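Residue strings, one per chain:
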Amino acid sequence: MAENRAAELAAKADEHLHDASLTPEEYEALKQSVAELSPIFTADSAYFVLGSYGRPEIHRLQLVKDRLNRRPDTYAFLMVDIRQEWVNTYLKFRILADYTDYLIGVSEHDQGGFLVEQGYFTAIETYFEKTHVLKREYTDLTTDDIDTNADINDPYSGMRTAIFDMLEDADRLYVWTTEADLVDVTSQLP
């Protein structure tokens, strides 16, 4: 089973690398990753949670992951939870995104986070179809109310705003302000 799964992952990797191919070392590393990736393949629902790894934002990513993992037969994870060394983080993202059921973005601002991945959401239809974003709003908040360096008057770029609009049209944008709101919108995810 593991050998079949490794071959399947290698085929996906070759597909994502276009004209390049895996080196023997990369193929061996991919084979070693199969055991680590098994929860993605065995859970009824797998959630890949994306967002900023800055402090305190990572705390909120962990909060979302924890809430999702409280559901029966669910596996929620962050990219850093898949510890096997991958030289190519683009490939790591693509493999994880291919095999998870839901891509969950936690968006607080334009400083770091998953802006590149949001580009994939719009460019690759299969990713867009499984993407849900939890967008932080700053209405009624002051700079003293937040613990990041976000510009509360203009936290998101035009590019990100356009992606939010697309997700809102698809009923997959969830708005939150406080951590209590974040817990609430997480409970609304499929």
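Scroll up a little and you will see the structure.
My aim in this report is to walk through the structure given alongside it, one point at a time.

Criteria and cut-off values
- Residues numbered from 1 in each chain as written.
- Predicted model: local features only at pLDDT ≥ 70, side-chain atom pairs only at ≥ 80, totals over all residues.
- Heavy atoms only, no water.
- Helix = DSSP H or I, 4+ residues; strand = E, 2+ residues; numbered from the N terminus.
- Rg over C-alpha atoms; globule rule 2.2 N^0.38 Å.
- Buried < 20%, exposed > 50% of the residue type's maximum accessible area, 1.4 Å probe, protein only.
- Contact = heavy atoms within 4.5 Å.
- Areas by Shrake-Rupley, 256 points an atom, 1.4 Å probe, with all protein chains shown as cover.
- Lys, Arg positive; Asp, Glu negative; His and termini not counted.
- Charge placed at Lys NZ, Arg CZ, Asp CG, Glu CD.
- Pairing = 2+ DSSP bridges.
- Axes fitted to C-alpha atoms, helices over the stretch in contact; angles between N-to-C directions.
- Core = buried A, V, L, I, M, F, W, Y, C linked by side-chain atoms within 4.5 Å.
- Arc of directions from axis to C-beta.

Let's talk about the overall build of the protein
Helices and strands together make up the secondary structure of the protein, namely eight helices and five strands. Along the protein, helices and strands appear, N-terminal first, in the series α-α-β-α-β-α-β-α-α-β-α-β-α. At 17 Å, the protein has a C-alpha radius of gyration in line with the 16 Å of a compact globule built from 190 residues. C-alpha extents for the protein along the principal axes are approximately 55 × 35 × 30 Å. Across the 190 residues of the protein, 47% fall into the buried class. The long-range share in the protein, meaning contacts at least 24 apart out of those at least 6 apart in sequence, stands at 74%. Accessible area of the protein: about 9,500 Å², with a carbon and sulfur share of 49%. For the protein, the centre of its 17 positive side-chain charges and the centre of its 36 negative side-chain charges are spaced 5 Å apart.

Some thoughts on the sheet that holds strand β1 (residues 45–51)
Taken together, the five strands give an open sheet; going across it, the order is β2-β1-β3-β4-β5, and neighbouring strands pair in parallel fashion. This sheet does not close on itself; its edge strands, each paired only once, are β2 (74–78) and β5 (173–176). Strand-to-strand twist across the sheet, computed as the mean angle between neighbouring axes with direction ignored, equals 20 degrees. Pairing analysis gives four bridges linking strand β4 (residues 131–136) to β5, with the strands arranged parallel. Bridging from a neighbouring strand, L134 pairs with Y174 of β5. Lying over the sheet, helix α8 (residues 179–187) contacts β4 and β5, oriented at roughly 160 degrees with respect to β5.

A few points about the nonpolar core
By size, the foremost hydrophobic cluster in this structure holds 28 residues, and its most contacted members are F48, F93 and L96. Taken together, the elements giving at least two residues each to this core come down to α1 (2–16), α2 (24–42), β1 and α4 (89–99). With six residues, α4 is the single largest residue contributor to this core. In this structure, F48 is in contact with F77, L78, M79, F93, L96, A97, T100, Y102, L103 and I104, ignoring residues within four places of it in sequence. V49, L63, L68 and W176 belong to the second largest nonpolar core, which has 16 residues in total.

A word on α8
All buried positions along α8 are accounted for by L182, V185 and T186. Looking straight down α8, one finds that the buried residues subtend no more than 105 degrees of arc, so they occupy a single side. Of the residues in α8, the exposed ones pointing more than 90 degrees away from the buried face are A180 and S187.

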